[in-house]
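Residue-level structure breakdown
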Amino acid sequence: MVRLSDKSRIGNLKLQWSKDFENRREEVEKKVLDGLQPSKKLMELSIKFYCGEMLANWVGDSSFNCLQSLCLDDCRNLLSLPSIGKLPLLKKVRIKGLSSVRTVGVEFFGENTTNTFSSLEILEFVDMLNWEKWNLCEVDEEDRKFPKLRELFIGNCPLLLERISKFSWAAECLRLRSIKVESFEIGDCKELCSSGDNNWGLLTQSISPQDLIIEKCPQLVSIATEEEREELMQLKIPSSIVNMRIENCERLEKLSTTLYSLALLMKLELYGCSKLISIARSNLPSNLKVLGIRSCKNLQCLLLDEGEDVDSNNACVLQELGISDCESLKRINRSVLPSTLKVLLINECPKLESISQEIQDNSSLESIEIHVCDMRKGLPQGLNKLKHCKSLFIANSSNLISLAESGLPTTSLELLSLWYCRRLQALPGNMHSLNALKGLAIWNCPNVESILEEGIPSNLTSLTIGGPNIWKAKLERDLHTLTCLKSLSISNGCPDAVSFPQDEIGVTLPSSLTNLEISDFPKLESLSSNGFRNLTSLQCLTIANCPNLKTLPGNNMLSSLLELEIRRCPMMEERCKRDKGPEWSKITHIPRVAFWK
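Numbering of residues begins from 1 in every chain and follows the order in which that chain's sequence is written. Where local features are concerned, this predicted model is filtered to residues with pLDDT of at least 70; where side-chain atom pairs are given and counted, the filter is 80 or more; whole-chain, interface and lining totals use all residues. For the side-chain quantities, the full set of heavy atoms in the structure was used; hydrogens and water were omitted.

Structurally, T340 can be placed in the loop between β19 (320-324) and β20 (343-349). Between the alpha carbons of T340 and E320 there is a distance of 8.9 Å; along the sequence they are 20 residues apart. We call two residues contacting when some pair of their heavy atoms lies within 4.5 Å. Beyond its immediate chain neighbours, meaning those up to four positions away, T340 contacts C316, V317, L318, Q319 and S364. Runs of E in the DSSP output that reach at least two residues are strands. Runs of H or I that reach at least four are helices, and both are numbered from the N terminus.

Here is the structure:
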């Protein structure tokens, strides 16, 4: 057998047996493990699927004082953990699937040892199905402080958790007061419901976490602050919390008004809380910057103001609001959005009719993104007042008829995207004045029959147009004026065109183009050599769903191309076959050519 103990350059050792534990001989594997003793300079050790009841003596021996990481995975017959508390450099310990271990106690720390786990930062116990007791009380208080512990994770240890009586084990036995805990997560806890009848308050006060995650706690009804009197079944949130997520707590129905006093709370996420019906501005913490709500199926309104009932001193400083998959949401606000709001993202709220009535003059909005919403009452009035808005993206808003009578912001808007707004009838009249607009996309908005009649914003770098009624001859004639345009995508825009650009119009594509995509031209037969003659910077050309296309631009018009994709254009594919197709000579120099059926 190879003497690993002589291999001083081995820093990471992984020992893994078969997953099949049938017909395994413990005494044989114990001898093998004994014989695989590595060098004392080993830094990482992993043992997996070992079938013995005891580990080799060298595992955890104090002479391995360079060891930094130990993982014991799925050693299902192992009866006890090795004494590793005295290893001075050990930073990470992962114990998983040791289903025969019932007790963890003094043997884990090491007897007659001081300053145990002096470097340990990460401690994980996972899938310990028969673990019943963690007897930390057997260990001297000074030896169980875990002075550098950053992460403690206990997952799927059902017998241990059943015996943790309302957090008394965590609060009293673990003695975490000496540890600075940054993140605390609790899930699948049926006992977690309120603060008055358990040791939750004692635990959270002793560790003062900054991040708090509460998941799948079916008895939780309300959350409040430590100062609020006991009502319903309120869980008191420690004042140290900066980020909080509550997920899949099916009975949560109330956020207390006292949450306003959580001055450090800056990010709040509520996911899958099906009984939550509304959230008022007075419920929001005073310095909350980010609010995310997802899959709260009965949430009907997010009232960031409630009229006369709101304390005028409760100034909302919200900067990011994200709402998704809230199928009952009808409105977000009665009158105006918070002036501090910078990012608004709404996704898959099919009953949402309106966001607010109007935009404030001092609004800070920079980005608005709306997907799969009703929007029958339209966008707020005063979009033209937005001095900072750079992006407006609306998709699949089935009942949106118009964007804004007042027009769009002319000095700041850089990106405007409209996708699948099938009832949208017109664009604002000031489109030609959008001097900052760089990207414009209008895709499958069939009732928008005229576009940019007064001219195209001259600073566009990206233009995406899709739909039979949008692409007009005037727009095609004006393309050459877009001297900054780098990306152009046109789909289903010219149902009768046999050439592109159309030869009878005599236009040329902008010489600045680097990317061009043409798709769904049913009668298209050729790409015009005249129209392509100035494209000396074109690098990527994509042609799709043009079944009659048979001629590419000639006279080396494609000499700058680096990539050509032809999708579902059977005639063109046939004419580009190597060495025998009539179009082959025009594409042979291109580094990447791809055909897709």
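That covers the picture; the talk isn't over yet.
Among the nonpolar cores identified, the biggest contains 113 residues, and I223, I332 and L527 are the most heavily contacted of them. Those residues in contact with I223, other than ones at most four positions away along the chain, are L235, I237, M244, I246, L252, K254, L255, S256 and L259. To define a nonpolar core, start from buried Ala, Val, Leu, Ile, Met, Phe, Trp, Tyr and Cys residues and group those joined through side-chain atoms within 4.5 Å. Each residue is placed in one exposure class: buried if its accessible area under a 1.4 Å probe, protein chains only, is under 20% of its type's maximum, exposed if it is over 50%, and partly exposed if it falls in between. Grouped together as the second largest cluster of nonpolar side chains are 45 residues, F49, C75, I84 and L160 included.

Turning our eyes to something else, we now look at the pairing of strand β28 (residues 515-519). Strands qualify as paired when DSSP identifies two bridges or more between them. In this sheet, β28 lies alongside strand β26 (residues 487-491) in parallel orientation, the contact comprising five bridges. Note that in β28 the partner of S489 across the bridge is E517. Looking at chain direction, β28 and strand β30 (residues 540-544) are connected through five bridges and run parallel. Its bridge partner being in β30, E517 is matched across the sheet by T542.

The strand order across the open sheet built from six strands is β1-β2-β3-β4-β6-β8, with neighbouring strands paired in parallel fashion. Lying at the two open borders of the sheet, with one neighbouring strand each, are β1 (12-16) and β8 (151-155). The sheet shows a mean angle of 0° between the axes of neighbouring strands, direction not considered. As paired elements, β1 and strand β2 (residues 44-48) share five bridges and run parallel to each other. Residue pairing for β2: Q16 is matched across the bridge by K48. Angles shown run from 0 to 180 degrees and are taken between the N-to-C directions of axes, each axis being a line fitted to C-alpha atoms and, for helices, limited to the stretch in contact.

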